[in-house]
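Residue-level listing of the chains:
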Amino acid sequence: MIRISDRNIQASYMSSLASSKADLATIQKQMVTKSKINVPSDSPLAASRIIRMSSQIGNLDTYYKNIDSGVAYIDNSSLALEGINDEMQYVLAEITDLTDATVSDNLGTYSDKIKASLGTIIDLANTSYDGQFLLGGSDVTTTPYGYNSLGTFVEYKSTNLDAENKIKISNYTEQKINMNGKEIFAPVIKQKGNFDVAAAVGSSETTSQTVYNADGLVYTVNSTYTKTAANTYTYDYEVVDPDSNVVSTHSSTLVFNGTTGELETIDGAEPKDYYESDETNKLNFIIDIKSFTETSNSSNISSTISQKGDVFNTLSAIAEKLANGEYPSQEQIDVLNDFQKNLINKISELGSFRNRLTDTQELNQNQSLTLQELVSKEKDVDVAQLIIDLQEKQYNLDLTYKISATLLPKSLLDYI
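The following paragraphs examine the structure supplied in this document. (Residues numbered from 1 in each chain as written. Predicted model: local features only at pLDDT ≥ 70, side-chain atom pairs only at ≥ 80, totals over all residues. Heavy atoms only, no water.)

A few words now on the overall build of the protein chain. If you tally the helices and strands in the protein chain, you get eight helices and 16 strands. Buried positions account for 40% of the 416 residues belonging to the protein chain. Working note: accessible area of the protein chain is about 22000 Å², and carbon and sulfur atoms make up 50% of it. (Helix = DSSP H or I, 4+ residues; strand = E, 2+ residues; numbered from the N terminus. Buried < 20%, exposed > 50% of the residue type's maximum accessible area, 1.4 Å probe, protein only. Areas by Shrake-Rupley, 256 points an atom, 1.4 Å probe, with all protein chains shown as cover.)

So, in C-alpha cells, the structure goes:
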C-alpha cells in the first residue's frame, strides 16, 4: 500500500491553487485589454503572425498617405496645365481673329492681349504647392521660368528640368506624379541609339535635326560622334541658321562603361542635358543624349524633337510683331499649335497617373481591411465567453479555498 504524505498533498494543492490563480489573472487581463495575445509567450505562433500583419498594415497606411499627397500634387499640377491650355486656346482664337481684315488697324490691341496671356502662362508655369514648384525640375526652390535681367528673353532658370517626382504606392511599385518643364515647355532634341563597341578609333556617326526659333525661322542642329579611344567619344554639335551660318558650337567627351555599355560621364561628370539658350538668334531648346549605349551591335542612332519651338519666346515675338503692325508667320502659329497638342497629351498623362493612384489606393484599403480582420481573429477576445470562463474559474477557486482546511497540515491543537 502506497502512503501519500501530507506534504505531497499540500504541494499538489498549492500547485493547483497557483495554476487556478494564474488562469483567473489571464482571463482578467484579457478582459481589460480585449486581446488574447498580450505577450509573445501567450501564443508565439499567433504573436508572430500578428507582428507580421501589423507591419503590413503600417506599410499600407504609409502608402495611403503617400497616395493622398500624390493625388493633391497631381490635382494642383492639372489645374495649372488646364489653365495654360485655356490661355493657349484664347491666344489661338485671337490669332484666328487676325484673318479678319477689319482688325488690321488694331493690331496693337492684340499685341497687348498676347503679352497678357504670356504673363499668365509664365505665372501658371511657376505654380507652387507645398513649397515646391510643380512644373520645374529638381531645384524646387528656384522659380523655373522667367525673363532675363533685361526683360527681353524668357529663360529656363533651372538646368534640371527633367527631374521626376515619384512616390512609393506599394511594396515594389513607385509612381511618377509630376510633369516637368522639359516634357511640357522645352523643344527637346532627343538623340538615342547605340554605338558599336568594336568600331575603329576615328569612326564617326552624324545626325541632324531642325528647330524653330521664336520668329519661326528654321535652324539646323548637326551632331557628330567620333570614337577617340575604347569606350570614349567626342560629341560635337553646331547650330546653323537659315543662311547656313554656324551660330553656335559645342564639344564634349563621352565615356561609356566598359561592362554595362551605359553612358557613364560627359566631360567627367554625371550625364546631363545640353541647354542651348541664344537670345540673339531667339533660340531656346534642349539636347538630350543620355539614352545612348555602347553595344556589340552595329551603330544605329536617331534624332527626334518633342515640339517645334519654344512657346514662351514665340508668344513674345508674336506680340512684338503685332505691336509693329506685322502678322505672325504660319511657322510661329505652328509652334503654338504644336505646343498645345503636346500640352493636351501631358494633361491626359497626368489623368492616367491619378487614376492609377486612386485604383491602387482602393486596392490597398481592401488589403488593409482584410489584414485587420485577420489580426482581429488572432487577438480579439469573445467577451461573453470570457465572462463565463471567469465565473467558472472564480467558482473553482472559491471551492478550492473551502476544502483547503482538510488538505493543509494539522496543527498542535489537533493533538491536544
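A separate point is helix α3 (residues 107-125). Between its first and last C-alpha atoms α3 spans 27 Å; for 19 residues at 1.5 Å apiece the expected length is 27 Å, and the two agree. Within α3 the residues assigned to the buried category are Leu107, Tyr110, Ser111, Ile114, Ser117, Leu118, Ile121, Ile122 and Ala125. Viewed end-on, α3 has its buried residues packed into an arc of 140°, placing them on one side of the element. Those residues of α3 that are exposed and angled more than 90 degrees off the buried face are Asp112 and Asp123. Elements that come into contact with the buried residues of α3 comprise α2 (44-97), β3 (145-147), β4 (154-156) and α5 (311-323). (Expected span 1.5 Å × (residues − 1). Arc of directions from axis to C-beta. Contact = heavy atoms within 4.5 Å.)

Our focus in this paragraph is the sheet that holds strand β11 (residues 246-256). The sheet built from five strands is open, its strands ordered β8-β9-β10-β11-β12 with antiparallel pairing. With one partner strand each, in any of the chains shown, β8 (204-212) and β12 (263-266) form the two edges of the open sheet. Pairs of neighbouring strands in the sheet enclose a mean axial angle of 25°, with direction left out of account. Examined bridge by bridge, β11 and β12 share three bridges and lie antiparallel to one another. Residue pairing across strands places Phe256 opposite Leu263, the latter belonging to β12. (Pairing = 2+ DSSP bridges. Axes fitted to C-alpha atoms, helices over the stretch in contact; angles between N-to-C directions.)

The subject of this paragraph is unusual backbone geometry. Negative phi values dominate among residues other than glycine, just as trans dominates among peptide bonds. Positive phi outside glycine occurs at Asp130, with the angle close to 55°. Relative to the elements of secondary structure, Asp130 occurs in the loop between β1 (128-129) and β2 (132-133). The class for Asp130 is exposed, based on a relative accessible area of 62%. In this model, Asp267 sits at a positive phi of 55°, which is unusual for a non-glycine residue. For Asp267, the location among the structural elements is in the loop between β12 and β13 (274-278).

What follows concerns the packing of aromatic side chains. Taken as a whole and assessed by the stated rule, the structure comprises 17 aromatic pairs. Ring geometry for Phe195 and Tyr233: centres 4.8 Å apart, planes at 25°, overall stacked. With Phe195 in strand β7 (residues 188-196) and Tyr233 in strand β10 (residues 232-240), this pair connects stretches of sequence that are 38 residues apart. Here Phe195 falls in the buried class, since its relative accessible area comes to 1%. In this structure Tyr233 comes out as buried when scored by relative accessible area, which is 3%. On the basis of an interplanar angle of 20° and a centroid distance of 4.8 Å, the ring pair of Phe195 and Phe292 is categorised as stacked. Of this pair, Phe195 sits in strand β7 while Phe292 sits in the loop between β14 (283-288) and β15 (293-295), placing them 97 residues apart in sequence. The residues Phe195 and Phe292 share a single accessibility class, namely buried. What links up through ring pairs into an aromatic cluster is the set Phe195, Tyr225, Tyr233, Tyr235, Tyr237, Phe256, Tyr274 and Phe292. Over the ring of Tyr110 we find Lys113, and its NZ or CZ is 5.0 Å from the ring centre. (Phe/Tyr/Trp six-rings, centres within 6.5 Å; stacked < 30°, edge-to-face > 60°. Lys NZ or Arg CZ within 6 Å of the ring centre and 35° of its normal.)

Below, the discussion takes up the environment of Val91. When you line up the elements, Val91 lands in helix α2. Ignoring any residue separated from it by four or fewer positions in sequence, one finds Val91 in contact with Ile114, Ser117, Leu315 and Leu336.

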